Amino acid sequence: MTIDQTNSLDTDGIPEALQEYEQWICWRVKDRDGKATKVPIVPGTGEYASATDPETWRPFDEALEYLEDGDAAGIGFVFTEDDPFVGIDLDDCRDPETGSPSTDARKIIVELDSFTEVSPSGTGYHVIVRGSLPGDRSRRGSVEMYETARFFTVNGDHVDATPDRVRERSASLEAVYNEYIAETESSAEPGQQTLDADHASGDDVNTGTSSQQPMLEDEELLEKARSASNGEKFDRLWRGSTTGYESQSEADMALCCLLAFWTSGNAVRVDQLFRQSGLIREKWDDVHYNDGSTYGEKTVERAIANTDDMYDPSSGERTDQRAPRNSSTSTEQTVGGTDGARAAYLAEKNQLLSERVSDLEATIEQKNERLEALEADNRTLRERLDACEDHLNRLDQQSA
């Protein structure tokens, strides 16, 4: 899927009800592992924005001005608990050449009967309604619903057959949710393990932890993560920065390990939270493995498998959710624990230190080369000075 990188925008097609909220960001296209990804940025500064940090949002006019200055590829609206909106994201359901929607997409759009626009890729739709999410799930297949901690690109490419305003559609929203999002017995094929299927039974297959245990709300979880001793690292990764990592895949794993800790190893929540971060990219849903697993599913699985020490929301303390993978206990394990997150942190720290040492060694080598060059220049000057002294001595002898 390609992303339109132009800053074309039809402001007349954007409902005034959305423009009134000061919950706008801009976005630009960033190449990550060879794929174009929409990265949220703060209008006016260009720094990384976050769908959970109000300090990075701006009024509609400021986002529009930053776009018109040519410093962004588009603008986006952030859904929060303080607004009455729900965004429905329909992916890979529109023929970009003919503009025809798939059968299910057409059915959903007609049922919701509210403001709808074509997504920047031209292969999907964004529908926005007034209402509340009927359940805890937010995604199944290519249909997603969000009411908080998420931003939608907005371009004003309004679908003519739909209303030009955001309508109250609670009943219709619930009907669509029940058919396309809510878990049912037929939602997944028997024996097929997916993130959503794991969550359906109420138990997390990857961790063996019950989904009925107390859970932090998303914003509370993110606040705790940012306030922790490694909060600066978490915030950097959350905003989409890969500084200090050789590849984005390593950054993805680092963030997932941190999310695994704070969610007590809940694979579904790790996936849902990661999708809100600045690291999310199309690759996340690409099938990369012979068993049909996507890159995102396998990354979450590995992050949880490498994170033994978990946060316990009921006590506010860490708790070992599983026995250590290695039954032997060394002095190092006793002191440091078998904390996968700590191990990931130490690995990252060692990597950064190694890179720093390499930089220092390179600097020292450059200085040594410069010193050798200066010493050579010094020898040359001394030889010339000696030659001049010899010449002066001969002149003195001749004159005498």
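Residues numbered from 1 in each chain as written. Predicted model: local features only at pLDDT ≥ 70, side-chain atom pairs only at ≥ 80, totals over all residues. Heavy atoms only, no water.

S.K.: So what's going on with the nonpolar core? Residues and values would help.
M.R.: Membership of the largest hydrophobic core comes to 29 residues, with the highest contact counts inside it found for Phe234, Leu237, Leu255, Leu259 and Phe274. Those elements that place two or more of their residues in this core are α6 (218-227), α7 (231-238), α8 (248-262), α9 (267-274) and α10 (295-305). It is α8 that provides the largest number of residues to this core, a total of ten residues. In contact with Phe274, not counting residues within four places along its chain, are Asp252, Leu255, Cys256, Leu259, Leu279, Ile280 and Trp284. (Core = buried A, V, L, I, M, F, W, Y, C linked by side-chain atoms within 4.5 Å. Buried < 20%, exposed > 50% of the residue type's maximum accessible area, 1.4 Å probe, protein only. Helix = DSSP H or I, 4+ residues; strand = E, 2+ residues; numbered from the N terminus. Contact = heavy atoms within 4.5 Å.)

S.K.: Lay out the sheet that holds strand β8 (residues 143-146) in plain terms, naming residues and giving numbers.
M.R.: Across the sheet, five strands lie side by side as β5-β6-β4-β8-β7; this open sheet has antiparallel pairing. Single-partner strands in this sheet number two, and they are β5 (116-118) and β7 (139-140). (Pairing = 2+ DSSP bridges.)

S.K.: Can you lay out the environment of Asp218 for me, pointing to particular residues and giving the numbers?
M.R.: The topology assignment puts Asp218 in helix α6. Asp218 sits 54 residues away from Gln272 along the chain, and the two C-alpha atoms are 9.7 Å apart. Setting aside anything within four residues of it in sequence, one finds Asp218 in contact with Arg269, Leu273 and Gln276.

S.K.: How would you explain the pattern of salt bridges if you had to name every residue and give the values?
M.R.: Evaluated as defined, the whole model comprises 14 salt bridges. A salt bridge links Asp285 to Arg275; the nearest nitrogen and oxygen atoms lie 2.7 Å apart. Residue Asp285 is found in the loop between α9 and α10, and its partner Arg275 is found in the loop between α9 and α10; the two are separated by ten residues along the sequence. Since its relative accessible area comes to 35%, Asp285 is described here as partly exposed. Connected through salt bridges with shared partners, the residues Arg139, Glu144, Arg150, Asp271, Arg275 and Asp285 form a single ionic network. (Salt bridge = Lys/Arg side-chain N within 4 Å of Asp/Glu carboxyl O.)

S.K.: Outline the pairing of β8, supporting the account with residue identities and numerical values.
M.R.: Of the two faces of β8, the one carrying Val143 and Met145 and the one carrying Glu144 and Tyr146 are both buried. Judged from the two bridges that link them, β7 and β8 form a sheet pairing that is antiparallel. Along β8, the bridge assignment pairs Arg139 with Glu144. Between β7 and the antiparallel strand that follows it, β8, lie two residues; Gly141 among them carries a positive phi value of about 65°.

S.K.: Which residues make up the pairing of strand β9 (residues 150-154), and what values do they have?
M.R.: Each regular strand shows side chains that alternate between the opposite faces of the sheet. Across the five residues of β9, five count as buried, placing the element largely inside the fold. Burial of the side chains of β9 extends over both faces: Arg150, Phe152 and Val154 are buried on one face and Phe151 and Thr153 on the other.

S.K.: Describe in detail helix α3 (residues 103-112), supporting the description with residues and values.
M.R.: Residues Ala105, Ile108, Ile109 and Leu112 constitute the buried set of α3. Down the axis, α3 shows its buried residues gathered within 95° of arc, on one side only. Turned more than 90 degrees away from the buried face of α3 sit Thr103 and Val110, all of them exposed. If you follow the buried residues of α3, they end up packed against β4 (85-90), β5, β6 (125-130), β8 and α4 (170-180). Of the residues flanking the end of α3, it is Asp113, one or two places downstream, whose phi is positive at about 50°. (Arc of directions from axis to C-beta.)

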